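Structural features, examined
Okay, here's what each chain looks like letter by letter:
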Amino acid sequence: MNILHINSSPFTENSASRELSAAIVTAWQQTKPAAKIVYQDYGTNPPPHLSAEAMTSLRSHQYRYLSDNALAEIAAVNQAIEQLEICDVLVIGSPMYNHSISSHLKTWLDLICQAGKTFRYSSTGPIGLLKNRPVFIASSRGGIYSYGEGLAHDFQEPYLVSMLGTLGLKDIHIIRAEGINMSHPGRDVVMANAMQQIREIFNLPAMTQPA
């Protein structure tokens, strides 16, 4: 089994999405000890933005006489797609920033969403070309966006589900920790509940809930 683990938070400490995504990967390793992990920390090492030169080349399939920068960008596209194609499980750490995903994660999506490679256009809309496989999204939010007034402002989780679904990845599981910046119920309780959800998904021993 191959697991592709992606983090997108620029914070290396006190990051809820990093903590949750690591727990998901650990849970997979407990159930599949032979699993191999490919790790990408796009939060601290962002992928390159695609220039007009690289995008034009990708669309026309003409790769001659390109600048070194464009060649590097196309190499990043090919690497990102290859890692996605060979993985059996995809784990994404995604904090909400300004009602959406981080720019680091958006840039990765721009790399992997390539017509003719990971999806194709049809008369009825795009069709994913990737084989379906489990995707686990470790979602963290400072406020509440899964219901109530905040629901209309959630462009994080629906966007990820939509874009991954466009590629054919529809077996998506969201592990959510929201309200982590609110005084009630508090970060510790929210994170404990999310960790408990992970353990229940993987049938691991139950955690002790805080009082």
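Look above for the structure.
These lines cover the structure that appears in this document, whether it is placed above or below. Keep in mind that what you see is a predicted model, and the values were worked out from it rather than measured. (Residues numbered from 1 in each chain as written. Predicted model: local features only at pLDDT ≥ 70, side-chain atom pairs only at ≥ 80, totals over all residues. Heavy atoms only, no water.)

1. Some details on the overall build of the protein
Broken down by element type, the protein carries 6 helices and 7 strands. Listing the helices and strands of the protein from first to last along the sequence gives β-α-β-α-α-β-α-β-β-β-α-β-α. Against the globule reference of 17 Å for 211 residues, the protein gives a C-alpha radius of gyration of 18 Å, in line with a compact fold. Seen through its principal axes, the protein has C-alpha atoms that stretch 65 × 40 × 35 Å. (Helix = DSSP H or I, 4+ residues; strand = E, 2+ residues; numbered from the N terminus. Rg over C-alpha atoms; globule rule 2.2 N^0.38 Å.)

2. Some thoughts on empty space enclosed by the protein
Rolling a probe over the atoms, with the probe sized like a water molecule, indicates the empty space that remains. Summed over the entire model, instances satisfying the criterion amount to 1 cavity of 30 Å³ or more. Approximately 30 Å³ is the volume attributed to the largest cavity. Lining the largest cavity are Asn2, Ile3, Leu4, Val38, Gln83, Ile86 and Cys87. Counting residues per element, the ones that place at least two in the lining of the largest cavity are β1 (2–7) and α3 (68–86). (1 Å grid on protein atoms, 1.4 Å probe; cavity = no way out; pocket = protein on both sides within 12 Å on 5 of 7 lines; lining within 4 Å. Points joined across faces, edges and corners; volume = space filled by probe spheres on them.)

3. Brief notes about the pattern of salt bridges
Under the counting rule described, the total for this entry stands at 6 salt bridges. One salt bridge connects Arg18 with Asp41, and the closest N-O pair in it is separated by 2.7 Å. Of this pair, Arg18 sits in helix α1 (residues 16–31) while Asp41 sits in strand β2 (residues 36–41), placing them 23 residues apart in sequence. Here Arg18 matches Asp41 in class, with each residue buried. Overlapping salt bridges, with partners in common, bring together Arg141, Asp154, Glu157, Arg176 and Glu178 in one network. (Salt bridge = Lys/Arg side-chain N within 4 Å of Asp/Glu carboxyl O. Buried < 20%, exposed > 50% of the residue type's maximum accessible area, 1.4 Å probe, protein only.)

4. What to know about the environment of Tyr63
Mapping Tyr63 onto the fold places it in the loop between α2 (52–60) and α3. Residues Tyr63 and Ile74, 11 residues apart in the sequence, show an inter-C-alpha distance of 9.1 Å. What Tyr63 contacts, discounting residues up to four positions off in sequence, is Ser57, Leu58, Leu71 and Ile74. (Contact = heavy atoms within 4.5 Å.)

5. Side note on the packing of α2 against α3
Between α2 and α3, whose axes approach to 8 Å, the crossing angle comes to 55°. With respect to each other, α2 and α3 are oriented oblique. Remark: the crossing between α2 and α3 carries right-handed chirality. Across the interface between the two elements, Glu53, Ala54, Ser57 and Leu58 of α2 pack against Ala70, Glu73, Ile74 and Val77 of α3. Its residues assigned to classes, the contact of α2 with α3 comprises 5 nonpolar, 1 polar and 2 charged. (Axes fitted to C-alpha atoms, helices over the stretch in contact; angles between N-to-C directions. Parallel < 35°, antiparallel > 145°, perpendicular 65-115°, else oblique. Left-handed = near helix turned anticlockwise from the far one by under 90°. Nonpolar A, V, L, I, M, F, W, Y, C, P; charged D, E, K, R; others polar.)

6. Considering the sheet that holds strand β6 (residues 135–141)
Taken together, 5 strands build an open sheet; the order of strands is β2-β1-β3-β6-β7 and the sheet is parallel. This sheet does not close on itself; its edge strands, each paired only once, are β2 and β7 (172–178). Geometrically, the sheet is characterised by an average inter-axis angle of 15° between neighbouring strands, direction not taken into account. With 5 bridges connecting them, β1 and strand β3 (residues 89–95) associate as parallel partners. (Pairing = 2+ DSSP bridges.)

Read these as spatial facts, not as claims about activity.
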